[in-house]
Amino acid sequence: MLSYLTRWVSRGAFQALKGASSRPQLVKTPHIGNQTLAAAPLPFTGGSPGVRQARALDQERLLQIDWDDGSCSLYPFTWLRDNCQCPHCTLQSAQARSLLFSNLDVHTGMDQVQLMDNKVSITWPDQHSSEFDPDWLKKRCFSSEARQALQEELFLNEREYWDSSLQIPTADFQEVLHDDKAALAWLEALRRIGIVYLRGAPAEQGQVARLSQRIGYLRLTFYGHTWQVQDKPMANNVAYTSGELSLHTDYPALHHPPGVQFLHCVRQADQGGESEAVDGFHMAEQLRREDPEAFNILSSLRVDFTDSGADYCDFSVQSKNHIIDVDSEGRVTRINYNNATRDSVLDMPVHQVQPFYSSLKAFVELLSRPENVFTYRMEPGDLVTFDNWRLLHGRKSYLSRGQNSRHLEGAYLDWDEVMSRLRILQKAVRGDS
Ligand SMILES: C[N+](C)(C)CCCC(=O)O
Ligand SMILES: O=C(O)CCC(=O)C(=O)O
Ligand SMILES: [Fe+2]
Ligand SMILES: [Zn+2]
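Note that the structure is predicted; figures quoted are calculated from it, not measured. (Residues numbered from 1 in each chain as written. Chains lettered and ligands numbered in written order. Predicted model: local features only at pLDDT ≥ 70, side-chain atom pairs only at ≥ 80, totals over all residues. Heavy atoms only, no water.)

All right, on to the domain arrangement of the chain then. Taken as a whole, the chain is organised into domain 1 (51-148) and domain 2 (162-429). Centre-to-centre separation of domain 1 and domain 2, based on C-alpha positions: 44 Å. (Domains from an automatic or database assignment.)

Shown next as structure tokens:
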């Protein structure tokens, strides 16, 4: 079972926490202990209040449902007709719409609405009829509260921020492979905290592939299905040396960088090779407060990244990414930064170059403050899983002994596949709708 301990820090209410962490520990917490992840809050499922009344507002072309609990929901006629659940309009075996858009009248009226066997039954002007389940409707209510609750249930976008005092969520590798509850707790923490440590994997190659099969499939890149982080002659990437890797996200040279990264320690160095991790979302929010100008520049200027060479096959990759990606509402969605693959090509007017460098300096200095960096050391059989859209990670240089030296095996996955498994596990473990 996955356990972790911290006084939770959340968006907007962050408090600096005390105490440095070194090697990740299976944190035993008598009071909150192992229940923590298994008891994640149940998402909104409706709780099925009955329908008191359903009536068509013909002028507005809205169906109004008054619920037993006193609340009320509005559903546009067009949306209801579009989402008719009957076997003509829906391919039941695929749970997909078979109604063609060309056959949807986006100005449809409604002939009749009735309550039958606790279903909302609608007759349309062409005498086609639709039946809707109250729970199904309630979940899809258009109020902003209901939409927000359903979006959180679907995408789990609420995050908990952390700093150097992170008590890293830790679980047992074998349990995650074999137990659905443990796997669910792992993925929920991976989403919410952004990093989960797994211990007890065999110290041999092949474990990141095994773990990715627990999800579905891994993300192939030019570095292969899985890749070996080792000190290599004629290295095609700075990661494949024994040098220090400053805090970075992997693969900003792609326009769609891998969402999730696994790193498994097969062999550790005798000296050096410690790992570092920083909560990039937390840091971006801190930058927005401390240096709004730098935040604006890093979230609006696109920076060129480049990566060329040969590995799985030969490659010549170019991308343009914001170092801080924000969505249309200004929320930070992804950090894209690897100083090694940042291109010498810099596609911006000459007067923006110095402000860009100053802004990046402010961000990197913020990231690197000791109070923000969580440091740990992997031992053979340890496996770290983390959100590569959110965290920056690094490693200290190490003393290389050539062959038989430090060896990590890595793999990438995308968030779509990880979230898919998470939803299926939620349903299996909790019976969520
Ligand atoms: C570890 N490796 C070589 C697969 C990728 C390193 C990250 C990067 O080049 O952005
Ligand atoms: O060697 C490590 O600990 C991390 C390697 C890394 O960050 C990478 O391969 O991109
Ligand atoms: Fe990396
Ligand atoms: Zn139908």
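Inside soluble globular proteins, nonpolar side chains tend to come together where they are buried. Counting residues in hydrophobic clusters, the biggest one holds 84 residues, and the most contacted among them are Trp 186, Ile 195, Leu 198, Leu 211, Ile 323, Ile 324 and Phe 363. Look past the residues within four positions of Ile 195 in its chain and what remains in contact with it is Trp 162, Leu 166, Ile 168, Pro 169, Ala 189, Leu 190, Ala 277, Tyr 376, Val 384, Thr 385, Phe 386 and Leu 391. Counting 19 residues, the second-largest nonpolar core is a separate cluster that includes Ile 65, Met 110, Ile 122 and Trp 136. (Core = buried A, V, L, I, M, F, W, Y, C linked by side-chain atoms within 4.5 Å. Buried < 20%, exposed > 50% of the residue type's maximum accessible area, 1.4 Å probe, protein only. Contact = heavy atoms within 4.5 Å.)

Moving on, we get to the coordination of the iron ion (ligand 3). Here the iron ion (ligand 3) is held by His 248 (NE2), Asp 250 (OD) and His 393 (NE2), and the distances to it run 2.0 to 2.1 Å. Sequence spacing of the donors to the iron ion (ligand 3): H-x1-D-x142-H. Both residues of the pair, His 248 and Asp 250, count as buried. (Donors = N, O, S within 2.8 Å, 3.2 Å for Na, K, Ca; no water.)

A few words on the coordination of the zinc ion (ligand 4). Taken together, Cys 84 (SG), Cys 86 (SG), Cys 89 (SG) and His 128 (NE2) make up the full set of protein donors to the zinc ion (ligand 4), lying 2.1 to 2.3 Å away. Coordination at the zinc ion (ligand 4) comes from 4 donor atoms whose angles at the metal span 102 to 116 degrees, giving a geometry best classed as tetrahedral. (Tetrahedral: all angles 85-135°; square planar, octahedral: opposite > 155°, others 65-115°.)

Taken together, Val 229, Ala 239, Leu 245, His 248, Asp 250, His 393, Arg 395, Arg 406 and Leu 408 are the residues near ligand 2. Against a free-state accessible area of 290 Å², the protein chains account for coverage of 95% of ligand 2. A majority-of-atoms criterion places ligand 2 in the largest cavity. When contributions to the shell around ligand 2 are tallied by element, the ones reaching two or more residues are strand E12 (245-248) and strand E21 (391-395). Tallied by class, residues from the shell around ligand 2 come to 4 nonpolar, 2 polar and 3 charged. (Near = heavy atom within 4 Å. Areas by Shrake-Rupley, 256 points an atom, 1.4 Å probe, with all protein chains shown as cover. 1 Å grid on protein atoms, 1.4 Å probe; cavity = no way out; pocket = protein on both sides within 12 Å on 5 of 7 lines; lining within 4 Å. Sits in = over half its atoms within 2 Å of the grid points. Helix = DSSP H or I, 4+ residues; strand = E, 2+ residues; numbered from the N terminus. Nonpolar A, V, L, I, M, F, W, Y, C, P; charged D, E, K, R; others polar.)

This part covers the pattern of salt bridges. Per the stated rule, a full pass over the model turns up 21 salt bridges. The salt bridge partner of Glu 153 is Lys 139, with a shortest N-O separation of 3.3 Å. Pair noted here: Glu 153 is in helix H4 (residues 144-155) and Lys 139 is in helix H3 (residues 134-139), with a separation of 14 residues, a long-range link. Here Asp 387 and Arg 159 are joined by a salt bridge, their closest N and O atoms 3.6 Å apart. With Asp 387 in strand E20 (residues 383-387) and Arg 159 in the loop between H4 and strand E9 (170-172), this pair connects stretches of sequence that are 228 residues apart. Of the two residues examined, Asp 387 and Arg 159, each falls in the buried class. A network of salt bridges, in which partner residues are shared, links Glu 158, Glu 160 and Arg 192. (Salt bridge = Lys/Arg side-chain N within 4 Å of Asp/Glu carboxyl O.)

Spatial ordering of the open sheet is given by E1-E2-E3, a layout of 3 strands whose pairing is antiparallel. The open sheet is flanked by strand E1 (51-57) and strand E3 (72-76), the only strands paired with a single partner. Pairs of neighbouring strands in the sheet enclose a mean axial angle of 20 degrees, with direction left out of account. Inspection of the sheet shows E1 paired to strand E2 (residues 62-67) by 6 bridges, in the antiparallel sense. Of the residues in E2, the one forming a bridge with Ala 54 is Ile 65. (Pairing = 2+ DSSP bridges. Axes fitted to C-alpha atoms, helices over the stretch in contact; angles between N-to-C directions.)

All right, on to the packing of aromatic side chains then. Under the criterion given, the structure shown has 15 aromatic pairs. Here Tyr 75 and Trp 79 contribute two aromatic rings whose centre-to-centre distance is 5.7 Å and whose plane-to-plane angle is 20 degrees, an arrangement assigned as stacked. According to the relative accessible area criterion, Tyr 75 is buried, its value standing at 0%. Members of the aromatic cluster, joined through ring pairs, are Phe 222, Tyr 223, Trp 227, Tyr 240, Tyr 251, Phe 315 and Tyr 412. Between the NZ or CZ atom of Arg 191 and the centre of the ring of Trp 415, over which it lies, the distance is 4.7 Å. (Phe/Tyr/Trp six-rings, centres within 6.5 Å; stacked < 30°, edge-to-face > 60°. Lys NZ or Arg CZ within 6 Å of the ring centre and 35° of its normal.)

On to the site of ligand 1. Neighbouring ligand 1 are the residues Tyr 223, Trp 227, Asn 237, Tyr 240, Asp 250, Tyr 251, Pro 252, Asn 338, Thr 341 and Tyr 412. Between ligand 1 and the protein, one listed contact pairs an oxygen atom with a side-chain N or O atom of Asn 237 at 2.9 Å. Between ligand 1 and Asn 338 there is a distance of 3.0 Å, counted from an oxygen atom to a side-chain nitrogen or oxygen. Protein chains bury 97% of the 310 Å² of accessible surface belonging to ligand 1 in isolation. Using a 2 Å cut-off from the grid points, one finds that ligand 1 occupies the largest cavity. (Polar contact = N/O pair within 3.5 Å; in protein donor to acceptor, adjacent residues only side chain to side chain.)

So, on to the sheet that holds strand E7 (residues 119-123). Read across the sheet, 3 strands follow the order E6-E7-E8 without closing on themselves; strand pairing throughout is antiparallel. Every interior strand has two partners, whereas the edge strands, strand E6 (112-116) and strand E8 (129-132), have only one. On average, each strand axis in the sheet is tilted by 20 degrees relative to the strand beside it, whichever way the strands run. Bridge analysis of E6 against E7 gives 5 bridges, and the strand direction is antiparallel.

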